[in-house]
Each structure stands twice: as structure tokens, then as C-alpha cells.
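Here's the letter readout for the chains.
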Amino acid sequence: MYGLIDVNAMYVSCERAFNPRLNGVPVVAVGNNDHCVIARSNEAKILGIKMGQPLFQIRELIDEHNVQICSSNFELIGDMSARMMSVLAQFADDVEPYSIDEAFIQVNTHFDGIYPSYQGLGYAIRDTIGQWLRLPVCVGFGITKTLAKVANKRAKAKPELGGVCVITNGESAEEALREFPVKDLWGIGSQYARLLKKNGIETAWQLQRIEDLDWVRDRMTVNGLRMVYELRGFPCRLLEVNAPPKKTICTAVSFGKLIPDLKNITDALTTYLARCCEKLRKQESLARHVTVFLHTNPNRITPGNGLPAKQYSASRSVRLPHYTNHLPDFLRYAIPVVESLFQFGYNYQKVGVILNDIIPDTIHQGNLFAEFPTAKSLHIGKTIDRINRKHGRDKVRLASQLQSPDWSMVRGSLSRQYTTDWNQLLKAK
Amino acid sequence: MIDTIKPANIWHIDPAERVPIPFYQSPVSAGFGNPAENYLRARLSLDQLCIEHPDASYFVEVDGDSMIADDIRPGSILVVDASHTVETGKIIVCWVNGECYAKRFVRFERMIALFPSNPDYLPIYVHLDIDQFSVLGVVIRIVSKPPKWDSEQTKSAINHVRTYRRERNVREL
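Residues numbered from 1 in each chain as written. Chains lettered and ligands numbered in written order. Predicted model: local features only at pLDDT ≥ 70, side-chain atom pairs only at ≥ 80, totals over all residues. Heavy atoms only, no water.

A few points about the side chain of Glu102 of chain A
Residue and element names in this part refer to chain A. Inclusion rule: Comment: elements are numbered from the N terminus, with helices defined as DSSP H or I runs of at least four residues and strands as E runs of at least two. Residue burial is assigned from relative accessible area. The probe radius is 1.4 Å, only protein chains are included, and a residue is buried under 20% of its type maximum, exposed over 50%, and partly exposed in between. In what follows, residue pairs with any heavy atoms lying within 4.5 Å of each other are defined as contacts.
One can find Glu102 in strand S6 (residues 102-106). With relative accessibility at 11%, the residue Glu102 sits in the buried group. Leaving out residues up to four positions away in the same chain, Glu102 has contacts with Leu4, Ile5, Asp6, Met84, Met85, Glu96, Pro97 and Lys149.

Next comes the structure, spelled out in C-alpha cells:
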């Protein structure tokens, strides 16, 4: 049996966990330099605030209903997420953190634990996370991961279930799937949803009952076929306890404000590359293909005349002569690349870097014609990571990094980092 | 079930739980072994002493002297465990109408009172039907610096030593 545990409105709930003043009032969390809504409380949903909506579009709503705004407190959310995953490990041996606010667990069908039923286990998980972390979660159980997802959404949509829903084979599955729109299924994007609708399939039940499996395979690839099997109760997606190493690593964050000069752009690029190298080392890999891209804000309008502002975007890739995860190795190539991309006279919104061609660091081969990263330079990276984990991000960095914080993220309504910074603890009278 | 978590990946789940383990390098050679080798232990850590449930524990800084008689001083850090049950008589950290308090919890039927330990302060009465009340957890440890003496206390201590010495005729050093 698979379970899916997912926090309701994670970003908002984490804020509420440390500030009960936010309970019962509309709250939105904003991300992307405070531009867009990335999480909404129920009260905010009722006001009609949409996911991803730019803040300027809802200014009036905010003022009228006194909607509270929180910048995304990644430090707090990351810590609460780690706590949740760790709590889940008490209930199940196998936990797959699926995203920052959801995790799959696998429990034996014959679990002889202290919980009389899956429902009981679900309530225990919900209560423990509620008391320990003050986060509201919904729990869904199903024979496959896809069914667990369906059960979880059902638990969310039907408050009378008390936040826990179990779908076993037979009647409970039929009822749940009959009510479940196929477009909300895990893995059905808007394209597949359109295709299925055109062929008269609107509920998950219809998809489960489909007879022509060859049609599914032809039109929706093997993943669509897997989905049908999963709906029928045959597990095709297993728990990924050890996440497979990423094949691509990317860091691209919008600047806090528009940036016109190469110096700041290079600075940001260096920092993003440093993040990528960190990620590479964390999964014990090396990479050799770097793509750098740079662009202006496509939605920007020239102040004054109201015409679309002049736009520029460009990208370029280079293949290094050797695999590495050492920042200076990448920089030697990435900086000339960004210099070649840069055009004077534009206000840039974003620079980004993508690493490709990633291999595990155990199998890299030397190159006859190029110096490859020495054991020493690989060791330096690991040491830097260790120091930075202990003393805070970017405490050890290149001298060319973070010289001016002009480009860095804007988080105007940031709450305290209650759990990760001694100087920002909760204060009690 | 496919696999369990590799020990090397445990920090994925909680980076705070790593324990520093001393590394004693002893060359492997023929001859007499290091007799201390069998007695290696992980170093003691304050976390081990103060924290029972790392996932349910929070640190809270004290602002004000309302709990001074319970050794909770301004600036003290409280270790708060959310997994403990709140019972009458325990010191808890909670929110009343959005304000955060560290007080001794007393409950009588639908009525809650939060008692300070400094006589200059009054108890806070919470009506569960009217007030917004939520609990962070129970205070399980108090971390404070030792209180400082003011100049008056230092002076009187020195005077005490002086008198003591005079009375017993201790010779000057």
C-alpha cells in the first residue's frame, strides 16, 4: 500500500505555524522576487486569488480584504519540510520525499503495527504532524502511487473525510474514480487532457476501464499505459527512496531588479554556477557541458509611451575539455560566454546556467590532451561545501562572487528564520 | 519496497542530526596496539542532553523577566518540545491572541490561566471560547548564561573576604 502525505498550502502553513495571527485571515505567499503568488490560504482562494497571479493584478483585493503577504521564507520551509520527512520515517520504513511538501510512503499490507487500519495510521500521521510541526496535512492511501495521489486529492476536496482517504480495490475505488476528473490525474497535462476529452474520456474511471490499450500506448506513450495499469491497481511506479542523480542541473533566478551592466551579471552567474557545482558535488557527479542564457523581461513596457520595451535574449553552450565539478574550471569558460552574449543597452531580467552531460564522479576518465580536475581541486570543493554547511551559505566563496547585492532576490515581507538562525528565534514574553 | 536509505544519505532527511565522531589515527603495524582504541566513544553533545525529539523541538528566546523565579531570565533560550503533553503545572510556550508567552500552564475545566513566577506580573486568563489560543510546546530545558554581579555585589563580596581574613589573622601574601 502506498501513502501520499501532502501539506496544505505549505508556504502559508509554515508561516502560520509560527504566527497564529495569520490563522483565519487571507494569506498569500509570494515568490520570484515578490512578484507572483505561489501559495494561498483557503480564505485567499475564496477571494479568487489565483496561483501564479502577479501581485500588481490583485493590489485592490489585497487592500480591500487586508490580505497578508509573506515572502517565501525558503530557510524556514526547507527546515519544516526536512522535519516532516523525518517524522514520516517513524511511521514507515520507506519514505520518498517527492517535493518540498509531499512524500510517498510504503506500508506493508500486513502491517502488524499499533494502528488498526490505514485510516487509523493516516489519522496518527496527521495528528503527529499537526502537534509537532503545526502543519495541516492530508493523507491518501492507495494500492498504487497514482491511486494514492487520487486518494490524497479526495481527502483535500472532502472535508468530511477528516483529511484521510483510503482507496482499496473494489467499490471505494470505483466511487472515487467516477468522481475524479481525468485532467487532475498525476501525469496528465493539458495536452493529454484535451486528447482524452476529445475521445469522450472525462473521468479517471473511464480511463481505467478503457479497453483498447494499444490506443493508449500509441497516443500517450508507455507512461499512459502505466497510468491505466496503476489505476487498475497494478503498481508500475515504485518508491524511489534513493533519488536517481539528476541528468541536468540548472540555476536561473530572476534578478531582484533589472540589471543593465555586465559586472553584476557576471557576479550573479558566478554565484549561480557555484550553486550548480554544490548540487553536482552533493550528488557526487561531474559535468562538462555548460549552457548560459541571458534575457530581458518579455512583459516589460517602456515607461512613457506604453510600447513593448526592446527585447534581447541569447544563449550559448560550451563543452569543456574535461569533466569537473570545480567552480573555477567552469568559470574559465562561462565568463567568456556571458561576455559574448552581453549586449550593451538592455535591462536584463535573468541570467541562467544549465549543466549537462553529467556522470558519476567515480568513473571519470582522464584526457590525454587536457588537464583534468586534480584530486586536489575536487577535494577543495568538498571542503568548501562542508564549511558552508556549517557556517552558512557563501561564507567561503570566490572573490568575484557577491560583490554587490544589486541583483539578489527581493524578499520584502520576509518572516523570521525561526529554526535556522540563532538571531531570529521566536521571542516569548 | 526496493531499498532502504543508505547511511550516507541520512543527512538528506535531517542534516541537524549528524554527530561529530572523533577520529583517532593509529598506524596499523605489527606490535603493540593502542590500548585506548577499544574505548573510543562519540563526544558528548549538548543536543543529546537537551533534545529528545529533534523534529519536534524548537528554540525560543525569552523577552522579559516575568518568569525570573523559575530561572528563566531575559535572553535565556528555552528548548521547547512539541511532542510532550501539556499539563497543569508545566511551563509551556504558547500564543494568546497572537502574543507569544512562556508561562506556567494551569487548566480548570474550560478555563486556562498562565502563571508568571515574578510577583510583579499578573496571571493571564484565557477563555477558550473568546481568545485565540495555541501551544508551541512544553519547555524541557533552559539555556542561560550565569547571572552577572553588579558592582555592588562584587564590592560586598570583597568586603566579606577582607573581614574574614582580618578576623582569622590570615597573613598578607
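What follows continues from the structure just given.
Observations regarding the interface of chain A and chain B
So the rule is basically this: Buried area is calculated as the accessible area (1.4 Å probe) missing from two parts once they are joined, with the contributions of both summed. Salt bridges are defined by distance alone: a side-chain nitrogen of Lys or Arg within 4 Å of a carboxyl oxygen of Asp or Glu. Whenever a nitrogen or oxygen atom comes within 3.5 Å of another N or O atom, the pair is scored as a polar contact, on the condition that within protein one atom can donate a hydrogen and the other can accept it, and that pairs from neighbouring residues in sequence are kept only if both atoms are in side chains.
With 31 residues of chain A at the interface, the matching set in chain B holds 40 residues. For the pair chain A and chain B, the summed buried surface comes to about 3,300 Å²; carbon and sulfur atoms form 55% of the total. Counting every contact that joins chain A to chain B gives 3 salt bridges. Between Lys429 of chain A and Glu99 of chain B there is a salt bridge whose closest N-O contact spans 3.4 Å. Seen at the junction of chain A and chain B, the total is 13 residue pairs in polar contact (both at pLDDT 80 or more). Looking at the side of chain A that touches chain B, the elements with two or more residues in it are helix H1 (10-18), helix H4 (74-91), helix H5 (118-133) and strand S13 (426-428) of chain A. Here the side of chain A that touches chain B gets 7 residues from one element, more than from any other, and that element is H4 of chain A.

Regarding the nonpolar core
Nonpolar side chains tend to gather and get buried jointly when the protein is soluble and globular. Using the following cut-off: Residues enter a nonpolar core if they are buried and are Ala, Val, Leu, Ile, Met, Phe, Trp, Tyr or Cys, with the set joined through side-chain atoms within 4.5 Å.
Core analysis: the biggest nonpolar cluster contains 59 residues, and Met80 and Ile129 of chain A together with Val93 of chain B have the highest contact counts within it. Per-element accounting of this core gives the leading share, 8 residues, to H4 of chain A. What Met80 of chain A contacts, discounting residues up to four positions off in sequence, is Met10, Cys14, Ala17, Phe18, Leu133 and Leu135 of chain A together with Tyr58 of chain B. In this structure, Ile259, Val292, Phe330 and Ala334 of chain A belong to the second largest nonpolar core, which totals 33 residues.

Comments concerning a positive patch on the surface
Quick reminder of the rule: For patches, a residue must show more than 30% relative accessible area and have no salt bridge; joins then use 9 Å for like charges and 5 Å for nonpolar side chains, namely Val, Leu, Ile, Met, Phe, Trp and Tyr. We get accessible surface area from the Shrake-Rupley algorithm with a probe of 1.4 Å; when it comes to residues, only the shown protein chains can shield them. Positive: Lys, Arg. Negative: Asp, Glu. His and the chain ends are not part of the count. To locate a charge, take atom NZ for lysine, CZ for arginine, CG for aspartate or CD for glutamate.
Taken together, the side chains of Lys246, Lys279, Lys282, Arg386 and Arg389 of chain A make up a positively charged region of the molecular surface. Among the residues examined, Arg389 of chain A registers a relative accessible area of 48% and is labelled partly exposed.

Examining the packing of aromatic side chains
Aromatic rings in a pair are described by how distant their centres are and how their planes are angled relative to each other. As a reminder, the rule being used: When two rings of Phe, Tyr or Trp (its six-membered ring) have centres within 6.5 Å they constitute a pair, described as stacked for plane angles under 30 degrees, edge-to-face for angles over 60, and tilted for the intermediate range. A ring is scored as having a charge over it whenever the NZ atom of a lysine or the CZ atom of an arginine sits within 6 Å of its centre and within 35 degrees of its normal.
Using the criterion set out here, one finds 13 aromatic pairs over all chains in the structure. Each member of the aromatic cluster is reached from another via a ring pair, and the members are Tyr312, Phe342, Tyr346 and Tyr348 of chain A. A cation over a ring is seen here: Arg134 of chain A above Tyr58 of chain B, with NZ or CZ 4.6 Å from the ring centre. Between the NZ or CZ atom of Lys145 of chain A and the centre of the ring of Phe104 of chain A, over which it lies, the distance is 4.6 Å.

Focus on the environment of Lys263 of chain A
Along the chain, Lys263 of chain A turns up in helix H11 (residues 262-282). Each C-alpha atom of the pair Lys263 of chain A and Glu339 of chain A lies 9.7 Å from the other, and the pair is 76 residues apart in sequence.

Description of the domain arrangement of chain A
All names here are of chain A. Selection rule: In this document the domain limits rely on a domain assignment from an automatic tool or a database. Amino acids outside the nonpolar list (Ala, Val, Leu, Ile, Met, Phe, Trp, Tyr, Cys, Pro) and the charged list (Asp, Glu, Lys, Arg) are all regarded as polar, and Gly is one of them.
Segmenting chain A into domains produces domain 1 (8-75), domain 2 (79-232) and domain 3 (249-391). Centre-to-centre, using C-alpha coordinates, domain 1 lies 26 Å away from domain 2. Of the residues lining the interface, 7 residues belong to domain 1; the matching set on domain 2 comes to 12 residues. When the buried surface of domain 1 facing domain 2 is broken down by residue, Asn8, Met10 and Ala17 rank first, second and third, together holding 61% of it. At the junction of domain 1 and domain 2, the tally comes to 0 salt bridges. For the side of domain 1 that touches domain 2, the element with the highest residue contribution is H1, accounting for 5 residues. Residues that form the side of domain 1 that touches domain 2 fall into these classes: 4 nonpolar, 2 polar and 1 charged.

Focus on the environment of Leu269 of chain A
Residue and element names in this part refer to chain A. In this fold, Leu269 is placed in helix H11. Between the C-alpha atoms of Leu269 and Leu331, which are 62 residues apart in sequence, the distance is 9.0 Å. Not counting residues up to four positions away in its chain, the partners in contact with Leu269 are Val292, Ala334, Val338, Val351, Gly352 and Val353.

As for a nonpolar patch on the surface
Residues and elements named next belong to chain B. Nonpolar side chains collect at one region of the surface, where Phe108, Met111 and Tyr125 lie side by side and expose about 340 Å² of accessible area between them. With respect to the secondary-structure elements, Met111 resides in strand S5 (residues 111-115). Looking at Met111, the relative accessible area reads 30%, which means it is partly exposed.

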